[in-house]
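Analysis of the macromolecular model
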Amino acid sequence: MVHYGHSNQLRQARAMGDYLIVGVHTDEEISKHKGPPVFTQEERYKMVQAIKWVDEIAPGAPYVTTLETLDKYSCDFCVHGDDITLTIDGKDTYEEVKTAGRYRECKRTQGVSTTDLVGRMLLMTKAHHSNIGPKGHSPWTGVSQFLQTSQKIIQFASGKEPEPGDTIIYVAGAFDLFHVGHVDFLAKVHQLAEKPYIIAGLHFDQEVNRYKGKNYPIMNIHERTLSVLACRYVSEVVIGAPYAVTADLLDHFKVTLVCHGMTEVVPDKDGSDPYEEPKRRGIFQLVDSGSNLTTDLIVQRIIKNRLEFEARNQKKEAKELAVLEAMRRLEEEKH
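These numbers were taken from a predicted model, which means no experiment stands behind them.

**What about the nonpolar core?**
Ranked by size, the top nonpolar core spans 62 residues in total, and within it Met1, Val171, Leu177 and Leu186 carry the most contacts. Apart from the residues lying within four places of it in its own chain, the contact partners of Met1 are His6, Val38, Phe39, Thr114, Leu117, Val118, Met121, Leu177 and Ile302. By size, the runner-up hydrophobic cluster in this structure holds 14 residues, among which are Tyr197, Ala241, Val255 and Tyr275.

The following block contains the structure:
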């Protein structure tokens with residue numbers, strides 16, 4: 001998967017140098033080392049390319065980064081998170097480049113991991129329609145360990161204001177589990193103008209739960225904010241946008257165009273069309289992303305893979321515990 005934790009890692013990596021090349025593994029390579037990927041390599045290439053700190057991708061990158069790989073792309077060094085990654089036979093994947101002094105480390109993002117997100121989805125299917133708890137509370141209150149700070153928002157935000165001549169385009173939605181379907185849609189919207197300035201309105205968790213039902217959203221508003229801000233096509237995010245696109249909102253942001261994908265538009269609480277005003281102004285446009293991927297489909301894909309995933313996670317845990325145990329024994333022998 002690709003999530004805002006990865007984006008944050010790439011943001012940190014980009015800040016260490018001038019040009020960031022991101023190696024992305026093939027499906028075959030991932031299956032060999034980690035278990036079946038949720039997204040195909042083509043989808044993952046597209047996702048990574050859409051992250052705004054990425055200058056270039058290296059498709060089909062080897063699982064073990066060697067000096068040969070770094071030289072091939074004329075890289076001075078490689079960057080990885082501060083968690084250990086091991087090859088099948090339990091060796092540190094980054095041993096060679098560490099020894100050569102061509103390795104840098106960035107911090108993991110607290111509160112998010114692929115394993116954690118998969119866990120939330122599996123939980124969602126187990127706890128399906130049992131929306132226990134006070135009404136209007138996100139089912140995820142207390143599930144996500146992510147702590148939003150203004151610093152994180154600043155780090156992810158573009159800080160760019162619209163310039164004269166920009167076409168200000170407004171899009172709204174949940175953008176839950178930000179995925180390649182969203183990227184395809186935003187890329188299409190981005191192509192609609194010479195100088196697009198895309199504002200994404202994100203609905204609060206409670207609103208998303210009203211029109212999506214079940215235990216949606218899987219990511220809370222804070223997580224969805226960072227996910228969307230990391231996308232190179234988006235200039236600004238409204239954190240907790242009103243469900244109905246009002247005259248006030250359109251005037252405030254001087255919106256030229258309002259776009260929506262091919263997904264169903266659920267009526268507002270009072271039964272009205274949330275896009276009534278932009279339609280009245282003649283500035284509403286449906287955009288076909290050409291992708292049929294929805295958050296629902298991704299969740300289904302993951303559940304289909306669920307047993308393989310659970311097996312993978314248990315194996316990974318066992319492997320990591322073995323390493324920690326070995327390290328502990330070494331420490332003991334030293335003393």
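The rest of the description comes next.
**What about the environment of Thr99?**
If you trace the backbone, Thr99 turns up in helix H5 (residues 95–99). A polar atom in the side chain of Thr99 sits 2.8 Å from the backbone oxygen of Glu95.

**Structural notes on the UniProt feature "domain: Cytidyltransferase-like" (unreviewed entry) in the protein chain**
The UniProt record marks residues 1–118 and 171–261 with the feature "domain: Cytidyltransferase-like" (unreviewed entry), using the residue numbering of this structure. Across residues 1–118, helical content stands at 37% and strand content at 14%; the span's end C-alpha atoms are separated by 10 Å. Here residues 171–261 runs as 37% helix and 20% strand, with 9 Å between its end C-alpha atoms.

**So, the pattern of salt bridges**
Between side chains of opposite charge, pairing is possible as soon as their charged atoms come close. Counted by the stated rule, this structure contains 25 salt bridges. Arg120 is paired through a salt bridge with Asp116; the nearest N and O atoms lie 3.1 Å apart. Here the residue Arg120 and the residue Asp116 both occupy positions in helix H6 (residues 114–126), the gap between them amounting to four residues, near one helical turn. On the basis of relative accessible area, Arg120 is assigned to the buried category, the value being 2%. A relative accessible area of 25% means that Asp116 is categorised as partly exposed. Here Arg210 ties to Glu207 by a salt bridge, and the two come within 2.6 Å at their closest N and O atoms.

**A look at the confidence of the model for the protein chain**
The pLDDT averaged across the protein chain works out to 90; a share of 93% of its residues lies at or above 70. Note on residues 128–137: pLDDT under 50 across the span, and nine contacts to partners over four residues away in sequence or across chains.

**Structural notes on the environment of Ile239**
Among the structural elements, Ile239 can be located in strand S7 (residues 236–239). Along the chain, Ile239 and Ala200 lie 39 residues apart, while their C-alpha atoms are 8.7 Å from each other. Apart from the residues within four sequence positions on either side, Ile239 is in contact with Ile153, Leu202, Phe204, Ile221 and Thr225.

**Digging into the packing of aromatic side chains**
Counted under the stated rule, the structure contains six aromatic pairs. Seen in terms of ring centroids, Tyr275 and Phe284 are 4.8 Å apart; in terms of plane orientation they differ by 40°. Their pairing is tilted. Classification of Tyr275 by relative accessible area gives buried; the value is 5%. A cation sits over an aromatic face here: Lys98 above Tyr103, 4.9 Å from the ring centre. Positioned over the ring face of Phe77 is Arg104, at 4.1 Å from the centre of the ring.

**A closer look at helix H8 (residues 180–190)**
Along H8, nine of the eleven residues are buried, which leaves the element largely enclosed by surrounding structure. Within the span of H8, buried status applies to Val180, Gly181, His182, Val183, Asp184, Phe185, Leu186, Ala187 and Val189.

**Things to note about unusual backbone geometry**
Put simply, Tyr216 and Pro217 share a cis peptide bond, and its omega is -5°. The topology assignment puts Pro217 in the loop between helix H9 (205–212) and helix H10 (221–229). Even without a glycine there, the phi angle at Ser74 is positive, about 40°. Tracing the backbone through its elements, the reader meets Ser74 in the loop between helix H4 (67–72) and strand S3 (78–81). Phi at Lys214 takes a positive value of approximately 45°, unusual for a residue other than glycine. Looking at the element boundaries, Lys214 is found in the loop between H9 and H10. Residue classification places Lys214 among the partly exposed positions, given a relative accessible area of 31%.

Calculation rules
Residues numbered from 1 in each chain as written. Predicted model: local features only at pLDDT ≥ 70, side-chain atom pairs only at ≥ 80, totals over all residues. Heavy atoms only, no water. Core = buried A, V, L, I, M, F, W, Y, C linked by side-chain atoms within 4.5 Å. Buried < 20%, exposed > 50% of the residue type's maximum accessible area, 1.4 Å probe, protein only. Contact = heavy atoms within 4.5 Å. Helix = DSSP H or I, 4+ residues; strand = E, 2+ residues; numbered from the N terminus. Polar contact = N/O pair within 3.5 Å; in protein donor to acceptor, adjacent residues only side chain to side chain. UniProt positions renumbered as here; feature names shortened; annotations may be inferred. Salt bridge = Lys/Arg side-chain N within 4 Å of Asp/Glu carboxyl O. pLDDT = per-residue confidence, 0-100. Phe/Tyr/Trp six-rings, centres within 6.5 Å; stacked < 30°, edge-to-face > 60°. Lys NZ or Arg CZ within 6 Å of the ring centre and 35° of its normal.

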